[in-house]
Amino acid sequence: MARIGVFVCHCGENIGRTVDASSVAEALRSHPGVVHAEDYRYMCSDPGQTLVREAIAANRLTGVVVAACSPHMHERTFRKVVAAAGLNPFLCEMANIREQCSWIHEDREQATGKAIAITRALVEKVKANTPLETIRIPIERRALVIGGGIAGIQAALDLADGGAEVVLVEKESSIGGHMSQLSETFPTLDCSQCILTPRMVEVAQHPRIRLYAYSEVEEVSGYIGNFEVKVRRKARSVNETLCNGCGACTQACPNRKVPNEFECGLGKRPAISVPFPQAVPNMPVLDRERCARFMAIRKGITKAVCGKCAEACTRGAIDFAQEDRFVTEKVGAIIIATGYQLYSIGKEQPEGEGLSGYGEYGYGQVPDVIDGLQFERLASASGPTGGRIVRPSDGRVPKRVVFLQCVGSRDPSRGIPYCSKICCMYVAKHVMLYRHKVHDGEAVVFYMDVRAAGKGYDEFTRRAIEEEGAIYRRGRVARLWRDGDVVKVQGFDTLSGEPLLLDADLVVLATAVRPQPGIRALAQKLSVSCDQHGFINEAHPKLRPVETNTAGIFVAGACQAPRDIPESVAMGSAAAAKVLGLFSKAELEREPTVARVDAAHCAGCFLCERVCPYGAVGRREVRDRAGRLVKVVAEVNPGVCQGCGTCQATCPGKHVEVQGFTDQQIYAEIAAL
Amino acid sequence: MSRSPVSDGGLRERILQETGVNTARCYQCGKCSAGCPMAAETRWRPHDVMRMVNTGAVGPLQDDPSIWLCLACETCASRCPNGCDPARVIDALRERFAREAPGGVPRPVAAFHRAFLDQVRRHGRSFELGMVMEYKLRTGALTEDALSAPGLLARGKLSLTPSRISGIGEVRRIFDACTGSAGTGAGGTGAGGDDR
Amino acid sequence: MRTGYFPGCSLHGTAREFDESLRAVAGAIGAPLAEIDDWNCCGASSAHVVGQRLAVALPARNLALAEAQGVEQVLAPCAACYNRLAKARRVIEEDEALRREMPELLGRPFGNRVAVRNILEFLTDALPVIEARLVHAFGGLPLACYYGCLLVRPASVTSAEDPEHPTAMEQIARACGAAPVTWHMGLECCGGSLSVSRTGSVIRLGRAILEDARKAGAEALLVACPMCHSNLDFRQRAMTRDGRPPIPVLYVTELVGLALGIEPRRLGLDRHFVSPAPLLARRGQAPAGGRH
């Protein structure tokens, strides 16, 4: 005979405002099988939990229904309470009378009636609940970090220093990410390379880090604790074991006119090159699109042309025939740290569905209109100009530089409503770098709001205004166009109320931060979700900022939202700590709400196998005592199963069911409504 | 101590109903005013108009010709980051002001629109010579070159007689139905400024 | 597809040469135009100041007439008329209540079925024919293509492929052998609607347009709007500082007509205030006669 306890929570005003919790408790008291019902202001609080625990003991309860918030919020909490009182935790259910009841209704009487109905349904379900045991699965104590920018580097180092093995996969030929392109960093103006490169070297030398640079994640299978990852090692046309990074090949290459991606197109590179001298690994990549030998092959010329790099290499490391290779790694956890790209004002936006560029700013066709990363390269001592800030068009030192904030950002009409967060700070930094190098230069900043919340941040932007003489004009610019050797800037200062038409020598656009191209494809491989802009969704915006909704997969840095360096580093460390916490357990515990096949009745049609979205259904041979094959039945791998119930709905004989959500339980719940 | 009145947001709401433009989306970036061809000549620019509608304090707009100088070129609307259409809001305000306080409409502007629509109501099409004559009479600017008639006549660009369409009755009915008050002038426009 | 023709008031008055050149070009490329019977003024720059309903209803009557005439699209060469017709069509399309109300308001059946086309779309469609029948290509005449407002804005109403960088007029000019210059005022407003009531503003705006065209080396301005034309042609003397050579302002249909070898007078080129004759003579095109 069922002895159910019902606990109704007011959730302060959240439920109490529209639902009369004591009436709900009162109504449930007379429900068949309910032996105890009470209400309390905050059931999840310590006194509330004590009420539940004591009621279980006093009334010898066989099941518990907590009428409160969503099970996503507190199911775990109350199942722990129930377990502490000696009851199987899966005999506790949440009746959600908040999200779809008190929050959305206004009529108190009707909302209370609905809350009673919901709670009754759950009572009926609990009556049909059976005790379930937690699933235990082994853990592979290695982690995959995707992306070798500062967030990924930090995560990899923290993990490795914490004793875990790390596989670090980087798409580009060197780790370092965008931080390696920066000149100085805010708010301290310390040199980016100086603080970053030692960490890059640490990665390369760490005994527990395996670095796959110039590689991409191809396929991911498995589940928390037991992922299998296929990595594509893209062909560098350079034998990694033979190359010693001497650079003779790059010196020998006759094609020196390739736009340098690392320099954001402001410099040139040979067809075989390393992105920058401090690259890790210090190993070149041959760009087959630009290499004379491969261009000739594409044109159908059979005779081998050029080959100057191979001639120059004393170690015979140049391998024109090299192909992409694949390696498979087993890991227990994955950290996504793929970083960002900058929005382009051009007509074409990479993976920019719903985005449009800025025709009024010339679609990126005006040579002296550049973006923030290009300015970093101009200001960088290791950049194409050796740190001299000059105009791309004619190499002259600009006497007036106009900076535009919020280009793309906070512009719903162009497809990006969010604030890119880092620009207010880096524009203030750019102003300082410019004024330090060009003393008689004028820096004008068009901004909408200065958003500099962070330690020492507001002081930094104030310094740009108060001490570095930057002229901050509040307003968006309407148009930019080239007029002779100046760029005309047509703006407005909403504070002074004056229309402005400025002649700028150089215009720097603080373009929006967007996730890297390819992020959606990667997210799909990992079964994690992205928001509408392509940023990886965290599991909870406040309480689980570095976890994703897929167990065992974590997120760090600007692939989750626009992030600056301190935040990216903090997220990298946080994700690493989460992974180390996971690895500290001997076995993984999983909720037993997974599908189970009734092997005795399974007819072996394997429809469940076909419909399972997670590939969790396999086959098992059933043999008699003499070892003769009786039949083949479906079997669910509890480690992979996500408990979605697709198999349960599909099985013609109803012989596969998700534990805790059997047809009997669901029907009992519905019948009570 | 008396409490300052709470704004009811009524004007913003009414403008939203009339124009579909949610002025609350405006965050005062001034991009509209930066590109406005009349910004150099006006006291209140498009972003000021949006602000005033949002706060409900449009009085200053009634005391100044600014919004009557809007060319409806739609440069503001095409560049607004928030998809607002200041030109449309200005139209709605002009309609409202002309109805509520026709005396506030600058005389040449009112005279032009009135003279123009007068011709349309009378003939179904605009009759330029008639329009110019009426405009000059209304403004008293008899010697100004509203449109220099001799030059136009010499080039065959000005007809001396209006051409009236046969469906003129339909056009007049449209005017009556849309302006609601056929008696306020031939155009029924309400955009009069005779007392000014 | 049968194309209805909505000339609008200007093309029967101050912009007669636009009407004349369009009819001549349409004849030459074999695209007959059926004028909408008994059309009325679209309300232009005044009706919308007075009331949105009037600004929609006046153009809507013309759309209803076109519908009754059995055409699927109507060509409105005047940029203002085009904008007003297209806007009315769109407003009615989006407002179910207004659409239901229209037949009674107009006193006519109305299904809002007729598409509205502008002169650039009309000529772009005809480009293959124009190119095939070209007899007098302009040898690289530097032209400033001036769109103004009403052909491109707002993008939700017009069909401009890109309201900040339209290229239709340039393509037509190139097909005629002209060489469009790169300049910056092609989308700025000339002040059209204040032409009569605030001439000073119009002079200021027009001067900036003309000066930028000169600076870019243009020998003529190409327009597709009667208001722009009357401002920049008729008022050009007031806009031009001493000693600067005048810049003829050509309708896009006039340029096409000349390239098709149509006699300048049939295109109404003799009706301009800034005579294009010297330019045409210089460029090997027959000079326009008379009336200057």
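Worth saying up front: this structure is predicted, and the values here are computed from it rather than measured.

1. Thoughts on the environment of A:Ser30
Residues and elements named next belong to chain A.
Argument step 1. Relative to the assigned elements, Ser 30 resides in the loop between α2 (21–29) and β2 (34–40).
Argument step 2. Considering only alpha carbons, one finds Ser 30 and Arg 377, 347 residues apart in sequence, at a separation of 75 Å.
Argument step 3. Within the local environment of Ser 30, its side chain forms a polar contact with the backbone oxygen of Ala 27, the two atoms lying 3.1 Å apart.

2. What to know about unusual backbone geometry
Residues and elements named next belong to chain A.
Argument step 1. Here the residue pair Phe 186 and Pro 187 is connected by a cis peptide bond, since its omega of -5° sits within 30 degrees of zero.
Argument step 2. In this fold, Pro 187 is placed in the loop between β8 (184–185) and β9 (190–191).
Argument step 3. For the bond from Val 280 to Pro 281, the omega torsion is -5°, close enough to zero to count as cis.
Argument step 4. The residue Pro 281 is located in the loop between β15 (272–273) and β16 (285–286) in this model.
Argument step 5. Despite not being glycine, Arg 60 has its phi angle at roughly 45°, a positive value.
Argument step 6. Along the chain, Arg 60 falls in the loop between α3 (46–59) and β3 (63–68).
Argument step 7. Of note, the phi angle at Lys 421 is positive, near 70°, even though the residue is not glycine.
Argument step 8. Looking at Lys 421, the relative accessible area reads 37%, which means it is partly exposed.

3. Points about the environment of C:Ala57
Argument step 1. Structurally, C:Ala57 can be placed in helix α4 (residues 52–68).
Argument step 2. The exposure class assigned to C:Ala57 is buried, which follows from its relative accessible area of 0%.
Argument step 3. Each residue touching C:Ala57, except ones within four places of it in the same chain, is listed here: B:Ile174, B:Cys178, C:Met102, C:Leu105 and C:Leu106.

4. Overview of the confidence of the model for chain C
Argument step 1. The pLDDT averaged across chain C works out to 91; a share of 97% of its residues lies at or above 70.
Argument step 2. Between residues 288–292 of chain C, whose pLDDT stays under 50, and residues either more than four places distant or in other chains, the model counts 16 contacts.

5. Notes on the interface of chain B and chain A
Argument step 1. Chain B puts 18 residues into the contact, and the matching count from chain A is 21 residues.
Argument step 2. The largest contributions to the chain B side of the interface with chain A come from B:Tyr27, B:Lys31 and B:Ala34, which together make up 36% of the buried area.
Argument step 3. On inspection of chain B and its partner chain A, the count reaches 1 salt bridge.
Argument step 4. Linking B:Lys31 and A:Glu360 is a salt bridge whose minimum nitrogen-to-oxygen distance equals 2.8 Å.
Argument step 5. The interface formed by chain B and chain A includes 10 residue pairs in polar contact (both at pLDDT 80 or more).
Argument step 6. The leading source of residues in the side of chain B that touches chain A is helix α2 (residues 31–35) of chain B, at 4 residues.
Argument step 7. Residues of the side of chain B that touches chain A, tallied by class, amount to 6 nonpolar, 8 polar and 4 charged.

6. Quick notes on the domain arrangement of chain C
All names here are of chain C.
Argument step 1. Domain boundaries in chain C define domain 1 (3–119) and domain 2 (120–282).
Argument step 2. A straight line from the C-alpha centre of domain 1 to that of domain 2 covers 23 Å.
Argument step 3. The partner domain 2 presents 36 residues to the 32 residues of domain 1 that form the contact.
Argument step 4. Buried surface at the junction of domain 1 and domain 2, summed over both partners, amounts to about 2,900 Å²; 65% is from carbon and sulfur atoms.
Argument step 5. At the junction of domain 1 and domain 2, the tally comes to 3 salt bridges.
Argument step 6. Here Asp 125 ties to Arg 117 by a salt bridge, and the two come within 2.2 Å at their closest N and O atoms.
Argument step 7. Seen at the junction of domain 1 and domain 2, the total is 13 residue pairs in polar contact (both at pLDDT 80 or more).
Argument step 8. Counting only elements with at least two residues in the side of domain 1 that touches domain 2, the list comes to α1 (8–11), α2 (16–28), α5 (79–94) and β4 (115–117).

7. A word on the interface of chain C and chain B
Argument step 1. With 51 residues of chain C at the contact, the number on the chain B side is 52 residues.
Argument step 2. Buried surface at the junction of chain C and chain B, summed over both partners, amounts to about 5,000 Å²; 57% is from carbon and sulfur atoms.
Argument step 3. Taken as a group, C:Val49, C:Val50 and C:Val196 account for 13% of the area that chain C buries against chain B, more than any other trio of residues on that side.
Argument step 4. There are 7 salt bridges connecting chain C and chain B.
Argument step 5. Among the ionic pairs, C:Arg198 bridges to B:Glu41, the shortest N-O distance being 2.9 Å.
Argument step 6. Along the contact surface separating chain C from chain B lie 25 residue pairs in polar contact (both at pLDDT 80 or more).
Argument step 7. When contributions to the side of chain C that touches chain B are tallied by element, the ones reaching two or more residues are α2, α3 (44–50), α4, α6 (96–106), α10 (199–215) and α11 (226–234) of chain C.
Argument step 8. Among the elements that take part in the side of chain C that touches chain B, α3(C) stands out by supplying 7 residues, more than any other.

8. Comments concerning the side chain of A:Thr494
Argument step 1. Inspection of the secondary structure assignment puts A:Thr494 in the loop between β25 (486–493) and β26 (498–504).
Argument step 2. On the accessibility criterion, A:Thr494 (17% relative accessible area) is buried.
Argument step 3. Polar contacts involving the side chain of A:Thr494 include one to the side chain of A:Arg474, which spans 2.8 Å.
Argument step 4. If we ignore the near neighbours within four places in the chain, the residues touching A:Thr494 are A:Arg474, B:Gln28, B:Cys29, B:Gly30 and B:His47.

9. Details of the state of the cysteines
A disulfide bridge is the covalent bond that connects two cysteines by way of their sulfur atoms.
Argument step 1. The tally for this structure, following the rule as stated, stands at 1 disulfide over all chains.
Argument step 2. Summary of cysteine pairing: A:Cys44 is not part of a disulfide, and the nearest cysteine sulfur, belonging to A:Cys9, is at 5.9 Å.

10. Focus: the domain arrangement of chain B
Interface size, as often reported, equals the accessible area lost upon joining of the parts.
Argument step 1. According to the domain assignment, chain B consists of domain 1 (10–104) and domain 2 (107–184).
Argument step 2. Placing the centre of domain 1 of chain B and that of domain 2 of chain B at their C-alpha centroids yields a distance of 27 Å.

11. Let's talk about the pattern of salt bridges
Residues and elements named next belong to chain A.
Argument step 1. Applying the stated criterion across every chain, the model contains 78 salt bridges over all chains.
Argument step 2. A salt bridge links Arg 391 to Asp 505; the nearest nitrogen and oxygen atoms lie 3.9 Å apart. Of the two residues, Arg 391 is situated in the loop between α12 (372–379) and β21 (400–407) and Asp 505 in the loop between β26 and β27 (506–511); the sequence distance between them amounts to 114 residues. Just as Arg 391 is buried, Asp 505 falls in that class too.
Argument step 3. Between Arg 462 and Glu 466 there is a salt bridge, with its nearest N and O atoms 2.9 Å apart. With Arg 462 and Glu 466 both in helix α14 (residues 457–466) and 4 residues apart, this pair spans about one turn of that helix.

12. A short note on the nonpolar core
Argument step 1. Core analysis: the largest hydrophobic core is formed by 133 residues, its most contacted members being C:Leu120 and C:Leu221.
Argument step 2. The leading source of residues in this core is α4(C), at 10 residues.
Argument step 3. Leave out the neighbours within four places in its chain, and C:Leu221 touches C:Ala144, C:Tyr146, C:Trp183, C:Ile209, C:Leu210, C:Ala213, C:Leu232, C:Ile247, C:Pro248, C:Val249 and C:Leu250.
Argument step 4. Membership of the second largest hydrophobic core comes to 58 residues, among which are A:Ile135, A:Ile153, A:Leu196 and A:Phe554.

13. As for the side chain of B:Glu74
Argument step 1. Within the secondary structure layout, B:Glu74 lies in the loop between α4 (59–62) and α5 (75–79).
Argument step 2. In terms of polar contacts, B:Glu74 uses its side chain to reach the side chain of C:Lys87, at 3.3 Å.
Argument step 3. Residues in contact with B:Glu74, not counting those within four places in the same chain, are B:Asp85, B:Ala87, C:Lys87, C:Arg153 and C:Pro154.

14. Examining the packing of aromatic side chains
Any pair of aromatic rings gets described here by the distance separating the centres and the angle formed by the planes.
All names here are of chain A.
Argument step 1. Using the criterion set out here, one finds 13 aromatic pairs over all chains in the structure.
Argument step 2. Judged by centre distance (5.4 Å) and plane angle (90°), the rings of Phe 186 and Tyr 457 are edge-to-face. Residue Phe 186 is found in the loop between β8 and β9, and its partner Tyr 457 is found in helix α14; the two are separated by 271 residues along the sequence. Accessibility assignment for this pair places Phe 186 and Tyr 457 in one class, buried.
Argument step 3. On the numbers, 5.6 Å between centres and 75° between planes, the contact of Phe 375 with Phe 403 is edge-to-face. You can see Phe 375 sitting in helix α12 and its partner Phe 403 sitting in strand β21, a full 28 residues away along the chain.
Argument step 4. The class of Phe 375 is buried, set by a relative accessible area of 0%.
Argument step 5. Site record: aromatic cluster; members linked through ring pairs are Tyr 343, Tyr 358 and Tyr 361.
Argument step 6. Between Arg 414 and the ring centre of Tyr 358, over which it is positioned, the NZ or CZ distance is 4.5 Å.

What counts, and where the lines are drawn
Residues numbered from 1 in each chain as written. Chains lettered and ligands numbered in written order. Predicted model: local features only at pLDDT ≥ 70, side-chain atom pairs only at ≥ 80, totals over all residues. Heavy atoms only, no water. Helix = DSSP H or I, 4+ residues; strand = E, 2+ residues; numbered from the N terminus. Polar contact = N/O pair within 3.5 Å; in protein donor to acceptor, adjacent residues only side chain to side chain. Buried < 20%, exposed > 50% of the residue type's maximum accessible area, 1.4 Å probe, protein only. Contact = heavy atoms within 4.5 Å. pLDDT = per-residue confidence, 0-100. Buried area = accessible area lost by both parts, 1.4 Å probe. Salt bridge = Lys/Arg side-chain N within 4 Å of Asp/Glu carboxyl O. Nonpolar A, V, L, I, M, F, W, Y, C, P; charged D, E, K, R; others polar. Domains from an automatic or database assignment. Disulfide = S-S within 2.5 Å. Core = buried A, V, L, I, M, F, W, Y, C linked by side-chain atoms within 4.5 Å. Phe/Tyr/Trp six-rings, centres within 6.5 Å; stacked < 30°, edge-to-face > 60°. Lys NZ or Arg CZ within 6 Å of the ring centre and 35° of its normal.

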